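An overview of the molecular structure
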Amino acid sequence: MRIDIITIFPEMFEGPFNHSIIQRAKDKKLAEIHLHQLRDYSTDKHNKVDDYAFSGGAGMVMMIEPIVACIESLQKERDYDEIIYTSPDGIMLDQPVANSMSLLENVIILCGHYKGIDERIREHFITKEISIGNYVLSGGELAAAVIVDSLVRLIPGVLGNEVSALSDSFQNNMVAPPVYTKPRNFRGLEVPEILLSGNEKLIEEWKYEQSLKRTKERRHDSI
Ligand code: SAH
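Some details on the nonpolar core
Within the largest apolar cluster, 30 residues are counted, with the highest numbers of intra-cluster contacts made by Ile3, Ile5, Phe17, Met101, Ile109, Val148 and Val152. Elements with a contribution of two residues or more to this core: strand S1 (2–7), helix H2 (20–27), helix H4 (95–101), strand S6 (106–110) and helix H6 (141–152). Discounting residues that sit within four places of it in the chain, Val152 has contacts with Ile3, Ile22, Ala25, Ala31 and Val158. Ranked by size, the runner-up nonpolar core spans 17 residues in total, among them Leu38, Met62, Cys70 and Leu74.

Below is the structure:
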């Protein structure tokens, strides 16, 4: 998968994209992430990419020209499956959305700032709008990083153990069961006996029951 991110703060991605699973996916050539500084597409001598909103009101709006210039220069090189805008009013990112998007080959993610982007971009150039939750962030960068992480870990071959993404929460409409590791006894706090029994069938049943119980307790309203 190739992901092109349009942003005025490319440095914000240095942390999340250069470690752990995303770094591994890049090393294995299963994911390519390209960052594009939106200001490079401004024709203004100060590289301005925002201006006052028509009708007034507080806050600046990101301008259409540099954003469209950047999108179109990318489209000259290849076709894109989706041009995504990170937006608090977009469709909510959840596991089914991540699963379906992880099959895409080329995507653009546009990070907004200030009061958002000129509506004409949303109407005519954006193909999908994604929110990471019902709250407002200062910019789309953190949302884009979350979206990319949720997609990249699903690309076949990225996770060492293929089954592991499938056994995570939400993949079967349930949250994951509790997990334990050594020591077996920490200050009298014991690991459930059944997990030490070696009986795979009973362990699988236990995990299923725990998942069901947790899902009812914690997510009965949403899945
Ligand atoms: N005025 C807008 C908020 C702008 S916040 C409104 O009230 O809806 C600035 C930018 O941060 C947005 O353009 C968007 O790209 C990003 N952003 C903020 N909250 C987000 C969220 N919950 N999910 C995804 N992107 C978000």
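Side note on the site of the ligand
The local shell around the ligand holds 20 residues, among which Tyr85, Thr86, Gly133, Tyr135 and Leu137 are the closest. One of the backbone N or O atoms of Tyr135 is found 2.8 Å from a nitrogen atom in the ligand. In the environment of the ligand, an oxygen atom lies 3.5 Å from a nitrogen or oxygen atom belonging to the backbone of Gly140. Coverage of the ligand by the protein chains reaches 84% of its 560 Å² of free accessible surface.

Digging into the domain arrangement of the protein chain
Where interface size is quoted, it is often the accessible area lost as the parts come together. Taken as a whole, the protein chain is organised into domain 1 (2–152) and domain 2 (169–222). Distance from the C-alpha centre of domain 1 to the C-alpha centre of domain 2: 37 Å.

Some thoughts on the side chain of Asp50
Its location among the elements puts Asp50 in strand S3 (residues 50–52). Put simply, Asp50 is tucked away with no salt bridge, and the nearest opposite charge, on Arg39, sits 4.9 Å away. What Asp50 contacts, discounting residues up to four positions off in sequence, is Met60, Val61, Met62, Met63 and Tyr114.

Regarding unusual backbone geometry
Of note, the bond from Lys182 into Pro183 is cis; its omega dihedral lies within 30 degrees of zero at 5°. Position of Pro183 among the secondary structure elements: in the loop between helix H7 (163–166) and strand S8 (185–186). Phi angles above zero are rare outside glycine, and Lys29 is one such case at about 60°. Residue position: Lys29 is located in the loop between H2 and strand S2 (32–37). In the Ramachandran plot, Asn47 falls in the positive-phi region, its phi being about 60° despite a non-glycine side chain. Given the relative accessible area of 35%, Asn47 is considered partly exposed.

A short note on the pattern of salt bridges
Applying the stated criterion across every chain, the model contains 12 salt bridges. A salt bridge links Arg153 to Asp168; the nearest nitrogen and oxygen atoms lie 3.0 Å apart. One end of the pair, Arg153, is in the loop between H6 and H7; the other, Asp168, is in the loop between H7 and S8, and 15 residues separate them in sequence. Between Glu204 and Lys207 there is a salt bridge, and its shortest N-O distance comes to 4.0 Å. Remark: Lys207 and Glu204 occur in helix H8 (residues 200–219); sequence separation between them is three residues, near one turn of the helix. With a relative accessible area of 33%, Lys207 lands in the partly exposed category.

What about the side chain of Ser150?
Within the secondary structure, Ser150 sits in helix H6. Judged by relative accessible area, Ser150 falls into the buried class, the value being 17%. Here the side chain of Ser150 touches Ile147 through a polar contact of 2.8 Å, landing on its backbone oxygen. Once residues within four sequence positions are removed from consideration, Ser150 is found in contact with Leu93 and Ala98.

Criteria and cut-off values
By convention here, each chain's residues receive numbers from 1 onward along its written sequence. With pLDDT at 70 or above as the cut-off, local features in this predicted model cover only qualifying residues; side-chain atom pairs require 80 or more to be listed or tallied, and sums for whole chains, interfaces and linings still use all residues. Hydrogens and water molecules were not included; the side-chain quantities draw on all heavy atoms of the structure. Definition of nonpolar core: a set of buried residues of the types Ala, Val, Leu, Ile, Met, Phe, Trp, Tyr and Cys, connected through side-chain atoms within 4.5 Å. In this scheme, a residue with accessible area under 20% of its type's maximum is buried, one over 50% is exposed, and one in between is partly exposed, where area comes from a 1.4 Å probe on protein chains only. The way it works is that DSSP assigns letters per residue, a run of H or I at least four long becomes a helix, a run of E at least two long becomes a strand, and they are numbered from the N terminus. In this description, contact between two residues means that some pair of their heavy atoms is separated by no more than 4.5 Å. We call a residue near a molecule or strand as soon as one heavy atom of that residue lies within 4 Å of the molecule or strand. In the analysis that follows, any N or O atom pair within 3.5 Å is treated as a polar contact, provided that within protein one partner can donate a hydrogen and the other can accept it, and provided that, for residues neighboring in sequence, both atoms belong to side chains. Note on areas: Shrake-Rupley, 1.4 Å probe, and residue coverage restricted to the protein chains presented here. Boundary definitions for the domains trace back to an automatic or database domain assignment. Only four residue types enter the charge count, namely Lys and Arg as positive and Asp and Glu as negative; His and the chain termini do not. Salt bridge, as applied in this entry: a Lys or Arg side-chain nitrogen positioned within 4 Å of an Asp or Glu carboxyl oxygen.

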